[in-house]
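# Structural description and commentary
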Amino acid sequence: MSEPSSHIVKPDTKPGKNEIRVLRLIRDEMKITRADLIRKSGLSAPTITRTIEALLMKNLITADDLGSSKGGRPPQIIRFDARNNYVIGIDIDATFIRAALSDLDGEFLYEIHLPTQIDRGFEGVMRQVGELIQKLLHRAQGKRARVFGIGVAVCGIVNRHSGIVAYSPVFNWKNVDVKKALGAYTDLRIELNNVAHLIALGELHYGIGKKYRDLISINLGYGIGSGIIINGEPFYGADGYAGEFGHIVVDKNSGRMGREGISGTVEALASGYGIADIVVEMIQNKRASILEGPRRSEISSKLVMDAAIKGDSLALEVVDAAADYIGIGIDTLLKLFNSQAIVLSGDLALSGDFFLDKIRNKVESLKLPVVTGPVQILPSSFGEDAALMGAFSLILEKILLLKGH
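Structural notes, computed from the coordinates. Counting of residues starts from 1 at the beginning of each chain's written sequence and follows it residue by residue. Given that the model is predicted, a residue must reach a pLDDT of at least 70 before its local features are reported, and side-chain atom pairs must reach 80 or more before they are shown or counted; all residues, however, enter totals for whole chains, interfaces and linings. Excluding hydrogens and water, the side-chain values take into account all heavy atoms of the structure.

## Section: the environment of Asn361
Defined as follows: Labels follow the DSSP assignment, with helices taken as runs of H or I lasting at least four residues and strands as runs of E lasting at least two, numbered in each case from the N terminus.
When you line up the elements, Asn361 lands in helix α11 (residues 353–366). Through-space distance from the C-alpha of Asn361 to that of Val375 is 9.9 Å; in sequence the pair is 14 residues apart.

This is the structure:
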């Protein structure tokens, strides 16, 4: 079932560089006068006038408020029209699928989440996501809103050229076409990327990107991945596979293998599933712990973290080791990219400073002597909403580049 075409943003004339430049400036400033646009952009008054008219025709800006006058005609205030333009974000996680309708400021208007039916395979999960999209579009139709597109965050390696999910060890998907599968449910533009890449993009457009233009976002969840921002631009690598932080080998002597089939990786030793698996094995080997009670399937990284906070020696040992491995990996990234900040998201990061401080201490112990001051290792700006904000950002980025308008 396809969504009526009234909800689809149709492309028209090809945008020029001036339109893109001015639109970004308006969005960054939130509100600005024509005079300030001329001054900050360096463009001529006639060029700014033509550009504003073009952006008004695309319904991306408003120009109907009047500022205070210092004599003469009050200046018009130009604003990025975030409130009348919507986007849908989808976070496909191994445990839950979360979907939200948002305006372009990232304000949630309606949200749905439900358990992922991972046992029903790719088609089953796509059916779940498709039905969620249709529910959100029905809500948007009731608001007479314009929906620009759907951003999808997925756990897996996404080829940036084809959009194919080349491999998702969490779902055991290989070479699946999410965009094609969801196209059966809507005619809207669909964009997708790896969840860790999108969390970094969300921080760039909505979070700490206003302060730090060089950052790396690391998602510490069931699996582990990262997104890299260099000088305010996402870095994906040749095929989109950059940032596979979880697959860095940090202990060549470890025989513990991650879902990707490589031994001694950050993910094998410090991910959500890695931490839980290690604790289960230690309990099976007769190590005492307050976690002895739960059945194997019930032991999760959250239970392990809670036990560590309570002082359980086994849990503390595993959590300390995980923090060390993550810290070693972060030190490698910092020495390669010299980033201004590391942003941590995901379930493990949500445990608070207890775990983050362990990571910070490890990174501090490894940093180069020429690096003065503490390395900025920060929790995500958005907590459990980090992936959704990234999905919104994927469409916002296309809008700011005027692609498809």
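## Digging into the packing of helix α1 (residues 17–29) against helix α2 (residues 34–41)
Keep this limit in mind: Note on definitions: angles span 0 to 180 degrees between N-to-C directions of axes, and those axes are lines fitted to C-alpha atoms, for helices only across the stretch in contact. In this scheme the handedness of a crossing depends on how the near helix is turned from the far one: anticlockwise by less than a right angle means left-handed, clockwise means right-handed. Throughout, a residue-residue contact means that at least one pair of heavy atoms, one from each residue, lies within 4.5 Å. Charged residues are taken to be Asp, Glu, Lys and Arg, nonpolar residues to be Ala, Val, Leu, Ile, Met, Phe, Trp, Tyr, Cys and Pro, and polar residues to be all remaining types, Gly included.
Axis separation between α1 and α2 bottoms out at 11 Å; the angle between their running directions is 115 degrees. Crossing of α1 against α2: the hand is right-handed. Contact with α1, carried on its side by Arg21, Val22, Leu25, Ile26 and Glu29, involves Leu37, Lys40 and Ser41 of α2 and no other residues of that element. When the residues that make up the contact of α1 with α2 are grouped by side-chain class, the tally is four nonpolar, one polar and three charged.

## Some points on the sheet that holds strand β13 (residues 224–230)
So the rule is basically this: Whether two strands pair comes down to DSSP finding at least two bridges between them.
Spatial ordering of the open sheet is given by β14-β13-β12-β15-β16, a layout of five strands whose pairing is mixed. Among the strands making up the open sheet, the edge pair consists of β14 (233–235) and β16 (376–379). Across the sheet, the mean angle from the axis of one strand to that of its neighbour is 25 degrees, orientation sign disregarded. Inspection of the sheet shows β13 paired to β14 by three bridges, in the antiparallel sense. By the bridge assignment, Ile229 is partnered in β14 with Pro234. Of the strands in this sheet, β12 (215–220), β15 (341–345) and β16 are in contact with α11, which crosses β16 at around 165 degrees.

## Side note on the nonpolar core
Counted only if it meets this: In these notes, a set of buried Ala, Val, Leu, Ile, Met, Phe, Trp, Tyr and Cys residues joined through side-chain atoms within 4.5 Å is what counts as a nonpolar core. Throughout, exposure labels follow a simple rule: accessible area from a 1.4 Å probe, protein chains only, divided by the maximum for the residue type, with under 20% read as buried, over 50% as exposed, and the rest as partly exposed.
Counting 50 residues, the largest nonpolar core has Ile90, Ile92 and Met126 as the members making the most contacts within it. Discounting residues that sit within four places of it in the chain, Ile92 has contacts with Ile97, Val125, Met126, Val129, Val152, Ala153, Val154, Cys155 and Phe171. Grouped together as the second largest cluster of nonpolar side chains are 44 residues, Ile283, Met305, Ala315 and Ile326 included.

## Brief notes about the layout of surface pockets
Remark: the empty space left among the atoms is shown by a probe the size of a water molecule rolled over them. For the record, the criterion: Think of a 1 Å grid over just the protein atoms. A cavity is a set of points where a 1.4 Å probe fits yet cannot get out, a pocket is an open set with protein on both sides within 12 Å along at least five of seven lines, and lining residues have an atom within 4 Å of a point. Grid points are joined across faces, edges and corners, and a volume is the space filled by probe spheres set on the points.
In this structure, the second largest pocket spans a volume of roughly 670 Å³. Every element with two or more residues in the lining of the second largest pocket is listed here: α1, β3 (76–80), α6 (195–206) and α12 (386–400). Of the residues in the lining of the second largest pocket, the class split is seven nonpolar, three polar and eleven charged.

## Observations concerning the sheet that holds strand β6 (residues 108–115)
On the basis of which strands lie adjacent, the open sheet formed by five strands has the order β6-β5-β4-β7-β11 and mixed pairing. At either margin of the open sheet sits one strand with a lone partner, and together these are β6 and β11 (190–194). Ignoring which end each strand starts from, the neighbouring axes of this sheet average 15 degrees apart. Two strands pair when backbone bridges link them, and strand β5 (residues 96–103) and β6 are joined in this way by seven bridges, in the antiparallel orientation. By the bridge assignment, Phe96 is partnered in β6 with Pro115. Contacting β4 (85–92), β7 (146–154) and β11, α6 runs over the sheet at an angle of about 105 degrees to β11. Contacts from α12 reach β4, β5, β6, β7 and β11 within the one sheet, and its direction differs from that of β7 by about 130 degrees.

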